[in-house]
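# Observations on the model geometry
Below, each chain spelled out in residue letters.
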Amino acid sequence: MGASPGMDSLSSSLKKKATEQHYRAEVMIAGEQLRLRLHDGKLIKDRRYHLRTYPNCFVAKELTDWLIDHKEAPDRETGIRLMQKLMDHYIIHHVCDEHSDYKDAKLLYRFRKDDGTFPLSKDVKVFMRGQSLYEKLVSVEESILKMREENSVKYQRTFLGSEMIDWLIQEGEVENRQEAVELGRALLEHGIIQHVSNRHHFFDSDILYHFWINFRRRRRLTELLNENSSRALSESPDSPFCLRKLNPDPGNTSFLSVQTNKEIKVVSAVRRSSITSLSGNSNAYFSAPPTLVFPPVAECNPKSVLKRPVTNEELLSPGAPYVKKTLTIVGDAVGWGFVVRGGRPCHIQAVDPGGPAAAAGMKVCQFVFSVNGVYVLHLDYQTISSLIMTGPRTLVMEVMEAIE
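Analysis parameters
- Residues numbered from 1 in each chain as written.
- Predicted model: local features only at pLDDT ≥ 70, side-chain atom pairs only at ≥ 80, totals over all residues.
- Heavy atoms only, no water.
- Helix = DSSP H or I, 4+ residues; strand = E, 2+ residues; numbered from the N terminus.
- Buried < 20%, exposed > 50% of the residue type's maximum accessible area, 1.4 Å probe, protein only.
- Contact = heavy atoms within 4.5 Å.
- Areas by Shrake-Rupley, 256 points an atom, 1.4 Å probe, with all protein chains shown as cover.
- Pairing = 2+ DSSP bridges.
- Axes fitted to C-alpha atoms, helices over the stretch in contact; angles between N-to-C directions.

Looking at an unreviewed UniProt entry, the protein carries the name DEP domain-containing mTOR-interacting protein-like, with the source organism given as Cyanistes caeruleus.

Written out as C-alpha cells, the structure reads:
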C-alpha cells in the first residue's frame, strides 16, 4: 500500500491548511453537539426582553453555569474562552450583534443555525459533503471503511484511494474518476480525510487513507482549546443520533422542541435547520445534500405506530398495495411537525395536526422513500432525521402510503 512513482508529497503549507480546516470542522461539530444538548436541556428557548421576544436564545451567565455544572469547563474563565471560540468561528452571536465578544453576563446570545445566519461558505459545503459521505459509508454493512495496518501501525476508518473512487462512482456521487479525484482532494485539503502517514495528496491509487474526523465521536468542549496542538484527539465509541421525546407524560404523544418561560409549543422533535440548500453550487462535488449527525444526551424510542413490520422488498414488489406520493413541506420557525422512526424502511411515527407536514398531506404510517432527492429506504431514522434537520427549509419528501 505504498505510493506510486511520481506522486508528490504534501507541502508544509498544504498540511497547515488541512490542519486549520480540520480544527474548524471540530469546532463546528462540537458547537452543534452543544446546541442540541442545550435545546434538550431547555436552556435555549424564546425569551422576552424590553417587550420584545427573542426566539431560540440563551443567557450567557446561565450557560456559563451550565458548562461548569456539566463538567464542560472547570471554571468561568475557561467557559468564557470556550464560548468565545464559538463566536470567533461564527457558531454563536449576540442576538442584536451589539457585542463581538462573549460576556459572562445577563446578555442574550443565539446559535446562528437557529436564526439562519450561519455562513454557508465553500469550506462549510466541503465539510457537509464529507460528513454526508462518512455517514453513508458507516451505515452500510459491507463498508469499504476498515481497520488496516501499515508499517506496523493500525488505523481506523481506512480505505484505498482507488477503492474510494470506485465506490463514489458506483453510488452515483460522481460521474467519473477525475471528478472523484477532485472530490477526494477537496476532502483532504479540508482536513476530513488524510493519508495515514500524512505524506501524500489524494490519488487514484492503492495509497491508504482514512477519515481524519470521526463525525460521531462525542466532543468535549475543552478540546477546542487545543487548536495549536498536533496530537490526535482522543477517540471514543461512535454514538448514534436519536431524536428525544422531551415530555415524559405517557398520555401525551406530542414532541417538544422549544419551551418559553410561560408557555409550551407542541411541535415535532424534528427541527428545521437554518442552513440553506446547496443545489445552486456549480461544483459537482458540492451538490449532494448534507448529513450532519451528532450524538445526543439521551435516547427514547416510542412504541411503533405500525401494526406489523414491513420490509423494503414488500414495499417495492410489483403490485404491492402502496402508492408513492411527493410532499413539499415548508418549515416554520420551529420545524416541520413530524417524527421519523424505524429503519430500513423508516416510517412516520407522529404528525403535529397543526404543523406544516400535516398541511402538506403527511400521515402516520407512511414510509419514507426519499429526502430532497436522496434515496433513503436503506437508512435508519437517525441518518434520515439528520438529513432533514440539516437540509433546506423547504423539504421535498417522497413517501409510500398503503392503499386502503
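## Re the overall build of the protein
For the protein, the count of helices and strands is 9 helices and 16 strands. Here the protein holds 404 residues, and the buried ones make up 53% of them. Of the contacts made within the protein by residues no fewer than 6 positions apart, 66% connect residues no fewer than 24 positions apart. Total accessible area computed for the protein in this model is approximately 18,500 Å², and 50% of it derives from carbon and sulfur atoms.

## A few points about the sheet that holds strand 2 (residues 52-59)
The strands making up a sheet associate through hydrogen bonds between their backbones, and the pairing can be parallel or antiparallel. Spatial ordering of the open sheet is given by 1-2-4-3, a layout of 4 strands whose pairing is antiparallel. The open sheet has two edge strands, strand 1 (45-49) and strand 3 (92-94), and neither has a second partner. With strand direction ignored, the average angle separating the axes of adjacent strands in the sheet is 55°. Judged from the 2 bridges that link them, strand 2 and strand 4 (residues 108-111) form a sheet pairing that is antiparallel. The residue bridging V59 from the neighbouring strand is L108, located in strand 4. Most of the contacts of helix 2 (residues 60-69) go to strand 2, to which it runs at about 25°, and overall it touches strand 1, strand 2 and strand 4. Here helix 3 (residues 76-88) sits on the sheet and contacts strand 2, strand 3 and strand 4; the angle it forms with strand 3, its principal contact strand, is near 95°.

## Examining the pairing of strand 1
Both strand 1 and strand 2 contribute to a ladder of 4 bridges, which runs antiparallel. Each bridged residue has a counterpart across the sheet, and for R48 the counterpart in strand 2 is T53. Once strand 1 ends, the chain turns through 2 residues before running back antiparallel as strand 2, passing H50 with a positive phi of about 55°.

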